[in-house]
Every structure is written in C-alpha cells, then in structure tokens.
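One-letter residues, chain by chain:
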Amino acid sequence: MIRFENVTKIYHDTVYAVRDITLSIEKGDLCFIVGPSGAGKTTLLKLMFGMERPSRGTVSLFDRRTDGLDASSIQAIRRHTGFVFQDYRLIDDWTVYNNAAIMLEILGKPAVYIRGRVWRMLKWVGLQHKVYERARNLSGGERQRLALVRAIIHDPDILIADEPVGSLDEPMARYMMNMFLKLNRKGTTIVIASHRQDTLMEYAKVFRMEHGCLVEPGSDA
Amino acid sequence: MIRLFYIFKLIARGLRLRPAGSALTLVACWFAMSQLSLAFTVVDIADRLSTMPATSGSMVAYVKEGTPRENVAALGNTLRSRPEVARALFIPRDKGLEKMRKWLGASNPLVEDVDPAILPDAFEITLNREHAHDAPRLAREIAGIDGVSDVRYRTGLIGSIAGSFTRIVIGACAFGAVVVICLMLVIYLSIRVGIVSRKQEIEVMKMLGATVAFRYSPYLIEAAAYGLAGSAAALFTTSAALGHLSGYSAALQTVIRPIGLNHAASVVFFSCFCSMAGALLAVRKSIDV
C-alpha cells in the first residue's frame, strides 16, 4: 500500500531530513514511527501523503509511484487518505461542524448523510456541545479531537497521524489510541508518528528513526 | 459533483467576512454597467436621429422651374443612382403644399391661401446612414446637377448629432471598452482580496484533496452574481432615468425609446462576461497560493 525505496529528502541542498529509507506498509497494518524530535518522522509522513516529493528514491502510494503523478492525481490520493497534522490545520474562522464536514463536502456526499455523520462523530469524541463554536476558540485537546474527526470522517483507506495525542490528557489519549485500534481492526491502514512509547505499540509494526535514518525498520516494540 | 448549496454557503461566508468590500464591488459593477447602458442608449439615439426626416440624414432638392417631365424622371434616376442616396422621392408642388399644411397646420397664414403653383417640384432625399455626416458636400454636388435649382438640409444640434453617427459609434465602443476593462479590474481586485483573506481555508482544502474546481468555483459564481446584480440594477436605473427624461416632451419621446431586449441582453452579457473574466484572472493568479 505504501512503499519507500531508498528515499532521501534533502532541504536547501544540504539538510538531510530523511536518508535512504526503504520500508513497506501493507493494507491493514498498524504502524508506529517513533523517534526523538527532529528524527524526520514528520517528513516521512509528508512523503507518504504526497505533500513532499523525494529528492532521491521512489515513493509508491496505492501501488502508484508519486513522482510520475500530476497534481490532480495526488489530490485524488489525498481524498482516500486521512491526515492528522501536528499543528491540526483547522480552519479557524469556521465552526466545529463545518471543519468536521469539509472532507465529506469535498467528496460530494449528500447533505443529509453529512449532517448525520458529523453529529455522530462529534458526539463520539465529546465535541457535540461545541458544534457551533469557532475552531479558534477550542482548547488544544479539543482541536486535536476535531482534527482527528476530520481525518477519519470519510473512512479513509489510510490514516496518517502526526503526534495525534500529543495535546491530550492521559484518559483522552488512551481513548483515542483505542479508537485507532478499532479503526485498524475495521481494515484501515494506520500510520502514527509519536515521540513517546505507547502500550498500543505491542499490536503494531514499529519503525524507529534517528537523524533521518530508520534504525529499526518494521520491528515489534 | 460540487453541490450548489455548499458553494452558496461559501459565498455567504465570504460576504459576511467583507461586507463593505462586497457592497463596494456591487456599486462599482452597477456604475460601470450604467455607463455601458448609457453608451448603448447614445448609439441608439444617434441611430434613430440619423434616419429621421428633417435631419442631416435627409435633404430636399428643388427642381428648376420649367424642367420637362421626362427630365424630372431622369433626374430622379440620377439621384437614386448615387451610392450616398438611400431614397429619392418625387414630391410634386401640390403635394408639397399639402405636406406643408400638414406640418404647419391648415389655418397657418403661411400656407392658408397659397397658390400651389408658387412652389417648385422637389425630391425628398434620404441619405444612407454612413453618409449622413457628409450632407454639405452632397448638397453642393446635387445642386450642381442639371435641373436642380436648390438643395436644403437640416443643420443645428440634432442635425450634427445625426451626422456624427459613425463617430458616436466609435466613441461609444472606446468608452465601452474602458468601462468593461475597469469592471474586470474591479472584480479581479475584489476576488483577489477575497482569496487572500481566505488563504488558510483554501490551503487546508488543497491539503485535504479538494479539486481546483471545488476550491475556486465559489469565487467564479460570486463574480457572476456581482455581474448579474450590477447589470440588473444598472438596467433598472437607466430605464427609470430614460423614462423620466422622455416624459418632459413629446419630441424626446420619439428619440428616447425604452431599453430594448438586445440592449438589455448585451449589458447583462458584458457584465457577466467581464466579471467572470476578472475572477478567472484572480483565480489563476492565486491557484498556487
């Protein structure tokens, strides 16, 4: 499903964000990419999402190499993928409802379906009382939950999450991680970047990164 | 498929974000389209004047006293054969008097007891519209034709307006071009400001995989709505102003007519076309924002 072959990403000709990475993630995998800050986790996820192009090597998503794809094909891949950004990337002026619904609007789902699905998902993450609140007025944890709802509301084939529970308190983080596990059991491929250990890793394939390199490719934690 | 409801929701949000800017754009659109509508009206008036009798578009050539009938017929053919002449109608002296009585009133002392024999026979000549401005030269040439004693044509303000039809059309075209370019620029700037002020949501949509059409169609539809609303308001105000003006005198009523379907359709078309062209330029400029 996701395949990296000798992928290197260099910024400004000298800064190696990731270096010579080869990995393979299959359909239905639950993967963790762990490592300290600056190890290259976010760059790796961006390469998976088509937000960055590799400087060297090849990235394949859904068995299609991304280097040969035009912008509209990359957009099409993104519509089948969910991404929880480290900085959430919510639309601050929009309400919680509209932020949650945008992905379904992009996919052209019927209004009745959107309304029902958004309400169910917001209730699920405990944001039903904030539906008409502007995203800018939410707390860090609420923003993170909303970002998560937006990423999974359309049942993506792949969910990529960059530090998805970093701003959540322990019970909510646990709740979210269990939710990832449930999604994975329903068949969604999940890739999570995290700088901390999690008990969920015992069920997952773990890639450990340091200084842009994979030091443990796909091993159990 | 992008749902219209969603597009209208985005447009409404855009209007809420910058109500003053939107109102100003609409006013600019109305103003520009009013100018275009007035330019069309001026062309329409000049066109009507140039084909009306008793303007420089028509003249009267008096036949020399004692010219034989067959020579009069030949003179008529000579006049009609000229490329500048659209029509040359022979008016015998008695008919001429009848006409004068009709114009001035039968009881007018100028024509009350006039002997028809005192008037000369004449040709009422209507010029082709494109030669209406050339009446003085044509009058001189026609006066030089054997059998013509005198040629008279209308001068003054109405005559000179009718005689300047071609120049008025060129001027209106140039003015219209300036107006539509200004409108395009106003819409371009307005939509560009709208796009820049909503840069964050466009970036997020792009990140989530929204197509270019999904991201930018609300702006194009918003521009078309400005065009439609602006042209409708312009047609309404121009029509009201012309109606008010023509109410002042019967003479104006013959010159100023209500706005026709072609006129209205042209204003709406130019307005929507320019608005969407301006929006398209703004979108193309912002497509990689």
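See the structure printed just above.
Criteria and cut-off values
- Residues numbered from 1 in each chain as written.
- Chains lettered and ligands numbered in written order.
- Predicted model: local features only at pLDDT ≥ 70, side-chain atom pairs only at ≥ 80, totals over all residues.
- Heavy atoms only, no water.
- Helix = DSSP H or I, 4+ residues; strand = E, 2+ residues; numbered from the N terminus.
- Buried < 20%, exposed > 50% of the residue type's maximum accessible area, 1.4 Å probe, protein only.
- Patch = residues over 30% accessible without salt bridge, like charges linked within 9 Å, V, L, I, M, F, W, Y side chains within 5 Å.
- Areas by Shrake-Rupley, 256 points an atom, 1.4 Å probe, with all protein chains shown as cover.
- Salt bridge = Lys/Arg side-chain N within 4 Å of Asp/Glu carboxyl O.
- Contact = heavy atoms within 4.5 Å.
- Buried area = accessible area lost by both parts, 1.4 Å probe.
- Polar contact = N/O pair within 3.5 Å; in protein donor to acceptor, adjacent residues only side chain to side chain.
- Nonpolar A, V, L, I, M, F, W, Y, C, P; charged D, E, K, R; others polar.

Chemist: Any chance you could explain the side chain of Thr66 of chain A here in plain terms?
Modeler: Structurally, Thr66 of chain A can be placed in the loop between strand E5 (64-65) and helix H2 (71-79). Residue Thr66 of chain A is classed as buried on the basis of its relative accessible area of 3%.

Chemist: For this particular structure, what's the right way to read a nonpolar patch on the surface?
Modeler: Residue and element names in this part refer to chain B. A surface patch of nonpolar side chains, about 290 Å² in accessible area, is lined by Val27, Trp30 and Phe31. Note on placement: Val27 falls in helix H2 (residues 19-50). Its relative accessible area of 47% is what places Val27 among the partly exposed residues.

Chemist: Can you walk me through unusual backbone geometry in this structure?
Modeler: One can expect most non-glycine residues to show negative phi and most peptide bonds to be in trans. Residue and element names in this part refer to chain A. Within the chain, Arg89 stands out as a residue other than glycine whose phi angle is a positive 50°. Residue position: Arg89 is located in the loop between strand E6 (81-84) and helix H3 (96-106). One non-glycine residue, Asp155, lies in positive phi territory at about 50°. Position of Asp155 among the secondary structure elements: in the loop between helix H5 (140-152) and strand E7 (158-162).

Chemist: Would you take a moment to explain the interface of chain A and chain B for this structure?
Modeler: A common way to state how big an interface is: give the accessible area lost once the parts meet. With 22 residues of chain A in contact, the opposing surface of chain B contributes 19 residues. Interface area, chain A with chain B, both sides summed: about 1,800 Å², of which 55% is carbon and sulfur. Among the residues of chain A in contact with chain B, Trp94, Glu105 and Ile106 of chain A are the three that bury the most area, contributing 30% of the side total. If you look at where chain A meets chain B, you find zero salt bridges. Across the contact surface, chain A and chain B share seven residue pairs in polar contact (both at pLDDT 80 or more). Within the residue set of the side of chain A that touches chain B, elements represented by two or more residues are H2, H3 and helix H4 (111-124) of chain A. With five residues, the top contributor of residues to the side of chain A that touches chain B is H3 of chain A. Its residues placed into classes, the side of chain A that touches chain B shows eleven nonpolar, three polar and eight charged.

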